[in-house]
Amino acid sequence: MTKKFTQNYTPSYFLSALGSGGLAVSFFMYLMFMVKHPDTPIPNFSHIYSALSGPIGPLTVMVVIALAGIIYFSFRHFQLLIMNLRAFNRFKRTAAYANLSGTPAEVTLMTIPLTLGMTINVLFVLGAIFVPGLWAQVEYLFPWALVAYGGVGVYALKLFADYSRQLIIGGGFEKRNDLSPLLSSFAFVMIGVGFAASAAMSHNLIISVIGIIGAISFSTFALLVLVVMLTLGIQAILKDGIALEGAPTLWMLIPIMTLLGITSVRVISGISHNLMGTEPHPAVILVFLSVFVSIQVLFGLIGYQTLHKMGYFKTFINGDQNSVGSYALICPGVATFVMGMFFIEWALVKTDVITKFSIAYFATILPLVLVQLKTIHVLFKINRKLLCSGKNCGAKNSDSVNPAVI
């Protein structure tokens, strides 16, 4: 792995850490929606301990598997994050970094605040479920979470301003016939959903309102960038066709929609609890989530047909070719699972369409579990091709990573 982070490095490698962090959070969804936590908005150490200390049953097995998934993928996230930060510091002193500035490929730098936003999410999950008594002090932690997301947000805005200025002055957007510029929107909405966590879960009015404003602000940035970049990107694709290595970016709308959906749920909850003194109506959440899921389904089908027809999976996942852009396949898988779990809970269970823990409930979750398992399988394949340096690595041309493609 050290060799891979020294040769042909590109900031797109931050997506490797992002994918592992996302999978850690995806395992937390099992605890979030299946472990009882009536006194808190999310399960914490005491709820997990109660679930494990009771009679051994299917719930116990699920909790153990979820905890194992969280631990493993959190470890991988921080391992890859540290390696990326070190490699990026070396990369900044190279000619490749200088050549990146002022080009459309500069958008790859947005993977850094995107990944740092995920890091804060992972830390929050780890603290909540593994640190006894921490939740009792959570109101003292929310201000620090806002500061952390604010810092990442300022960094993201600086990177985006530099990237936008260069494009406005020098042009060249039409040279990117993919949707990689949506990375900026992805980064902004990752920060927005972080602000929304404090908005929904804090009982302090000031903290909640700051979270609401931060969430709405960065979600608005994300939507504005999404509209502009998606329009220009589609125009470039329809003119020249999509680049093979950039084809996974067709799925970038899937995680963006998931984060927008979760942000909407959290902001509505924060406004309802702290400003209106009521509970959010599940029917309202159903409408919002249905819109986001519909967009995900549309771009999921278009993306799959395109990737399959172009032979992307055969070439870069199951074949002997490498592309750092393959990591862009992981977040859509994670996002599909996470949004699916939110949709089942808020749009189906809370509206009494299906009963929790019924046969219909688990039948609805099963396809999501299969997506999660497939995502893990693909991540392992990509890691073996792009991060492995030994003679048993999967890719024949393991050092031929194209640093110019997300």
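Before reading further, recall that the structure is shown in the block above.
Residues numbered from 1 in each chain as written. Predicted model: local features only at pLDDT ≥ 70, side-chain atom pairs only at ≥ 80, totals over all residues. Heavy atoms only, no water.

Caption draft 1: Examining the overall build of the protein more closely. Scanning the protein from N- to C-terminus turns up 13 helices and zero strands. In the protein, the succession of helices and strands from N to C terminus is α-α-α-α-α-α-α-α-α-α-α-α-α. Over its C-alpha atoms the protein spans a radius of gyration of 21 Å, differing by no more than 12% from the 22 Å that the globule rule assigns to 406 residues. Projected onto its principal axes, the C-alpha positions of the protein cover 55 × 45 × 35 Å. Long-range contacts, defined here as pairs at least 24 residues apart, represent 82% of the contacts in the protein between residues at least 6 apart. (Helix = DSSP H or I, 4+ residues; strand = E, 2+ residues; numbered from the N terminus. Rg over C-alpha atoms; globule rule 2.2 N^0.38 Å. Contact = heavy atoms within 4.5 Å.)

Caption draft 2: Region of interest: the pattern of salt bridges. In total, this model carries three salt bridges according to the counting rule given. The partner of Lys158 in a salt bridge is Asp162, with the nearest N and O atoms 3.2 Å apart. Note that Lys158 and Asp162 are positioned in helix H6 (residues 138–170) at a spacing of four residues, about one turn of the helix. We classify Lys158 as exposed; its relative accessible area is 52%. Here Asp162 ties to Arg165 by a salt bridge, and the two come within 3.1 Å at their closest N and O atoms. With Asp162 and Arg165 both in helix H6, this residue pair falls three residues apart, about one helical turn. It is possible to trace a salt-bridge network through shared partners that takes in Lys158, Asp162 and Arg165. (Salt bridge = Lys/Arg side-chain N within 4 Å of Asp/Glu carboxyl O. Buried < 20%, exposed > 50% of the residue type's maximum accessible area, 1.4 Å probe, protein only.)

Caption draft 3: Looking closely at the packing of helix H5 (residues 111–130) against helix H7 (residues 183–201). Two numbers describe how H5 lies on H7: the axes approach to 8 Å, and their chain directions differ by 25°. For the element pair H5 / H7, the angle class is roughly parallel. As H5 runs across H7, the sense of the crossing is left-handed. On the side of H5, the interface is formed by Thr111, Leu114, Gly117, Met118, Asn121 and Phe124, while H7 contributes Leu183, Phe186, Ala187, Met190 and Met201. (Axes fitted to C-alpha atoms, helices over the stretch in contact; angles between N-to-C directions. Parallel < 35°, antiparallel > 145°, perpendicular 65-115°, else oblique. Left-handed = near helix turned anticlockwise from the far one by under 90°.)

Caption draft 4: Local environment of helix H13 (residues 359–386). Taking 1.5 Å as the rise per residue, H13 with 28 residues should run 40 Å; its terminal C-alpha atoms sit 41 Å apart, in good agreement. Within H13, the axis deviates most sharply at Leu366, by approximately 30°, and proline Pro367 lies no more than four positions further along. Among the residues making up H13, those that are buried are Tyr361, Ile365, Leu368, Gln372, Thr375, Ile376, Val378, Leu379, Ile382, Asn383, Lys385 and Leu386. Buried residues along H13 sit against helix H1 (14–34), helix H3 (58–91), helix H11 (312–317) and helix H12 (330–349). (Expected span 1.5 Å × (residues − 1). Bend = angle between axes of the 7 residues up to and from the residue.)

Caption draft 5: Seen up close, a nonpolar patch on the surface. Taken together, the side chains of Ile71, Phe130 and Val131 present a nonpolar region at the surface, about 230 Å² in accessible area. For Phe130, the location among the structural elements is in helix H5. (Patch = residues over 30% accessible without salt bridge, like charges linked within 9 Å, V, L, I, M, F, W, Y side chains within 5 Å. Areas by Shrake-Rupley, 256 points an atom, 1.4 Å probe, with all protein chains shown as cover.)

Caption draft 6: Spotlight on the environment of Gly102. By the secondary structure assignment, Gly102 is in the loop between helix H4 (95–100) and H5. Judged by its relative accessible area of 28%, Gly102 is partly exposed. Residues Gly102 and Leu167, 65 residues apart in the sequence, show an inter-C-alpha distance of 7.0 Å.

Caption draft 7: The arrangement of the layout of surface pockets in detail. Put simply, the second largest pocket is a space of about 810 Å³. In terms of lining, the second largest pocket is formed by 31 residues, of which the most central are Trp251, Pro332, Gly333, Thr336 and Val371. Those elements that provide at least two residues to the lining of the second largest pocket are helix H10 (282–310), H11, H12 and H13. Counting residues per element, the lining of the second largest pocket draws most heavily on H13, which supplies 10 residues. Looking at the lining of the second largest pocket, its residues break down into 20 nonpolar, nine polar and two charged. (1 Å grid on protein atoms, 1.4 Å probe; cavity = no way out; pocket = protein on both sides within 12 Å on 5 of 7 lines; lining within 4 Å. Points joined across faces, edges and corners; volume = space filled by probe spheres on them. Nonpolar A, V, L, I, M, F, W, Y, C, P; charged D, E, K, R; others polar.)

Caption draft 8: Representation of H1 within the structure. Helix length check: H1 (21 residues) gives 31 Å between terminal C-alpha atoms against 30 Å at 1.5 Å per residue, within 8%. In terms of residue burial, H1 counts as a mostly covered element, since 21 of its 21 residues are buried.

Caption draft 9: Expanded view of the packing of H1 against H3. In the contact formed by H1 and H3, the axes pass within 7 Å of each other and the chain directions differ by 160°. Between H1 and H3, the angle is such that the two are roughly antiparallel. In the packing of H1 onto H3, the handedness of the crossing is left-handed. Here the contact of H1 with H3 is built from residues that sort into 22 nonpolar, seven polar and one charged.

Caption draft 10: Quick peek at a positive patch on the surface. Taken together, the side chains of Arg86, Arg90, Lys92 and Arg93 define a basic patch exposed on the protein surface. Within the secondary structure, Arg90 sits in helix H3. Given a relative accessible area of 36%, Arg90 falls into the partly exposed group. (Lys, Arg positive; Asp, Glu negative; His and termini not counted. Charge placed at Lys NZ, Arg CZ, Asp CG, Glu CD.)

Caption draft 11: Here's a closer look at unusual backbone geometry. Not every positive phi belongs to a glycine, and Asp352 is a case in point at roughly 65°. For Asp352, a relative accessible area of 67% gives the class exposed. The phi torsion at Phe357 lies on the positive side, around 65°, for a residue other than glycine. Topologically, Phe357 is positioned in the loop between H12 and H13. For Phe357, a relative accessible area of 42% puts it in the partly exposed group.

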